[in-house]
Amino acid sequence: MTSLMTSLPPALRNGWALTFGNGIETPTRTPSTTLYDLPHRQLRRFDRDTPATGNPVLLVPPLAVDASCYDLRPGQSLAQFLVDSGRQPYVIDYGRITAEDHDLGLEEWIDDIVPTAVAHISELHDGANVDVIGWSLGGIISLLTAADHADLPFGSVTTLGSPLDFSRNLPLQPVRMFAKLTGGREITYATHLFKGIPGFFVQAGFRGMSLPRELTRPLFIARNAGDTEALARMEAIDRFIAAMPGYPGRLYRQTYRNLIVGNQLATGQVTLTPHRTIDLTKLTCRVLLLASGGDTLAPAATIAPGRRILSGAAEVEFHDVPGLNHLALVAGPQARTTTWPLIDEFLAR
């Protein structure tokens, strides 16, 4: 059977793999070693055969996505790129978020999950500073952590598609105006009812934001029936979306009310509780902000104000890479020639 399949034209082999087989490509991850495995904070080190150079690098995922965003598939793996560049990358994996986690808030990430990982990695590297990279909400969490914990050995923070001024996202304005009228009660009711935002809602929302891709999927398959690489990329994204976990209820309410509706990041002052405010001007390490005008979820206009907001940083570098969507910034096939080299150059300096 195997020899028969390999003798078929690529279009027929691919058609069989998508419909009756096990898929176009077997999922392949960059080899890694688990350093500790605690609830919602597993720390893994990506394996390398030679000594690393430069600061160690910590990859901080957003909530509601799988940590594989940094290691999607061969050729679309920021983790493997960092290994190949001579660096030592690590990643935090939050695992599944369920209804039992509804009370988790941003504080768990800012005060525990990220600081513990940064301190542990620094200790493994004889007290070296740690360069932190975060995509989307992972970048926002990284900036808030670096601002609120000046004692931590942050060498730099790099964000990819992490909005800092939601007032500049025009398609989002009706949602923000409606929430100001309701006081955000619709989200409060929903997150209490479901004890968070279940994974299937997150998956549906991500597909909705990529509606043209979803609608043209059959046409894409037909046009690329013989292009195994193109179909493998499509399949990897489908697997990634299907694996998306949910949001903890409390964390989502904080994000919705304070960051999206209240737009507190743009003011530089983020209030977590009535007695706890994080001042972003206290962030002092170097910062790289990567964005794209083609990102509908976090347009470049929402990220550029970081140059003003992060006024205490040693350096704030901003790049608008044209034509990339939200996921492509970190894991698209174009990232290896656009955003990843920018990260490499920034870390090398």
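Note that this is a predicted model, so its numbers are computed, not measured.

**A look at the overall build of the chain**
Inference 1: Scanning the chain from terminus to terminus reveals 17 helices and 10 strands.
Inference 2: Against the globule reference of 20 Å for 349 residues, the chain gives a C-alpha radius of gyration of 20 Å, in line with a compact fold.
Inference 3: The 349 residues of the chain split such that 53% are buried.
Inference 4: Sequence separation of at least 24 residues holds for 76% of the intrachain contacts in the chain that already meet a minimum separation of 6.
Inference 5: For the chain, the exposed surface amounts to about 15300 Å²; the carbon and sulfur share of it is 57%.
Inference 6: Positive and negative charge centroids in the chain, built from 30 and 34 side chains respectively, lie 6 Å apart.

**Things to note about the pairing of strand β7 (residues 269-273)**
Inference 1: Strand direction decides the pairing type here: β7 and strand β8 (residues 276-279), joined by four bridges, are antiparallel. Bridging from a neighbouring strand, Thr271 pairs with Thr277 of β8.
Inference 2: Where β7 folds back on β8, the antiparallel hairpin that results is connected by two residues.

**With respect to helix α11 (residues 228-242)**
Inference 1: Taking 1.5 Å per residue as the helical rise, α11 with its 15 residues ought to reach 21 Å, and the 21 Å between its terminal C-alpha atoms agrees with that figure.
Inference 2: Among the residues making up α11, those that are buried are Ala230, Leu231, Ala232, Met234, Glu235, Ala236, Asp238, Phe240 and Ile241.

**Points about the environment of Phe154**
Inference 1: As for its placement among the helices and strands, Phe154 is situated in strand β6 (residues 154-160).
Inference 2: On the basis of relative accessible area, Phe154 is assigned to the buried category, the value being 10%.
Inference 3: Along the primary structure Phe154 and Ile140 are separated by 14 residues, whereas in three dimensions their C-alpha atoms are 15 Å apart.
Inference 4: Dropping the residues within four chain positions of it, Phe154 is found in contact with Val118, Asn129, Val130, Val132, Ser142, Thr145, Ala146 and Cys285.

**Looking at the side chain of Thr145**
Inference 1: Structurally, Thr145 can be placed in helix α5 (residues 137-148).
Inference 2: On the basis of relative accessible area, Thr145 is assigned to the buried category, the value being 0%.
Inference 3: Among residues more than four places away in sequence, those in contact with Thr145 are Trp109, Ile110, Val114, Pro115, Leu152 and Phe154.

**Comments concerning the environment of Leu106**
Inference 1: Within the fold, Leu106 resides in helix α4 (residues 106-124).
Inference 2: Its relative accessible area of 2% is what places Leu106 among the buried residues.
Inference 3: Separated by 41 residues in sequence, Leu106 and Ala147 have C-alpha atoms that sit 14 Å apart.
Inference 4: What Leu106 contacts, discounting residues up to four positions off in sequence, is Ile141, Leu251, Gln254, Thr255 and Leu272.

**Details of helix α6 (residues 173-182)**
Inference 1: Among the residues making up α6, those that are buried are Gln173, Arg176, Ala179 and Thr182.
Inference 2: If you follow the buried residues of α6, they end up packed against α7 (185-194) and α12 (249-261).

**Here's the deal with the sheet that holds β6**
Inference 1: Strand order in the open sheet made by the eight strands is β1-β2-β4-β3-β5-β6-β9-β10, with mixed pairing throughout. Bordering the open sheet on either side are β1 (32-36) and β10 (315-320), each of which pairs with just one other strand. Across the sheet, the mean angle from the axis of one strand to that of its neighbour is 20 degrees, orientation sign disregarded.
Inference 2: Sheet analysis places strand β3 (residues 57-60) next to strand β5 (residues 130-135), joined by four bridges and oriented parallel. Its bridge partner lying in β5, Leu59 is registered against Ile133.
Inference 3: Strand contacts of helix α17 (residues 339-348): β3, β5, β6, β9 (286-291) and β10, with the helix running at about 170 degrees to β9, the strand carrying the most contacts.

**Some thoughts on the side chain of Asp131**
Inference 1: Within the element layout of this structure, Asp131 appears in strand β5.
Inference 2: One buried charge, Asp131, has no salt-bridge partner; the nearest side chain with opposite charge is Arg286, at 5.4 Å.
Inference 3: Of note is the side chain of Asp131, whose polar atom sits 3.4 Å from the side chain of Asn55.
Inference 4: In terms of polar contacts, Asp131 uses its side chain to reach the side chain of Ser156, at 2.7 Å.
Inference 5: In contact with Asp131, not counting residues within four places along its chain, are Asn55, Pro56, Val57, Leu58, Gly155, Ser156 and Leu347.

What counts as what
- Each chain has its residues counted from 1, following the order in which its sequence is written.
- In keeping with the predicted nature of the model, local features appear solely for residues at pLDDT of at least 70, side-chain atom pairs appear and are counted solely at 80 or more, and the whole-chain, interface and lining totals rest on all residues.
- To get the side-chain values, all heavy atoms of the structure are used, and hydrogens and water are removed first.
- The way it works is that DSSP assigns letters per residue, a run of H or I at least four long becomes a helix, a run of E at least two long becomes a strand, and they are numbered from the N terminus.
- Only C-alpha atoms enter the radius of gyration, while the globule expectation follows 2.2 Å times N to the 0.38, with N the number of residues.
- Throughout, exposure labels follow a simple rule: accessible area from a 1.4 Å probe, protein chains only, divided by the maximum for the residue type, with under 20% read as buried, over 50% as exposed, and the rest as partly exposed.
- We call two residues contacting when some pair of their heavy atoms lies within 4.5 Å.
- For accessible areas, the Shrake-Rupley method is used with a probe of radius 1.4 Å. Any residue's cover is judged against the shown protein chains and nothing else.
- Charged-residue counts in this description rest on Lys and Arg as positive and Asp and Glu as negative, His and the chain ends being excluded.
- The atoms used to mark charge sites are NZ of Lys, CZ of Arg, CG of Asp and CD of Glu.
- Strand pairing is assigned whenever DSSP detects at least two bridges linking the two strands.
- Residue count minus one, scaled by 1.5 Å, sets the expected span of a helix.
- Convention adopted: a line fitted to C-alpha atoms gives each axis, helices being fitted over their contacting stretch, and angles between N-to-C directions are expressed from 0 to 180 degrees.
- By convention in these notes, a salt bridge is any Lys or Arg side-chain nitrogen within 4 Å of a carboxyl oxygen on Asp or Glu.
- Polar contact is defined as a pair of N or O atoms within 3.5 Å, subject to the rule that within protein one atom must be able to donate a hydrogen and the other to accept it, and that residues adjacent in sequence are counted only when both atoms are side-chain atoms.

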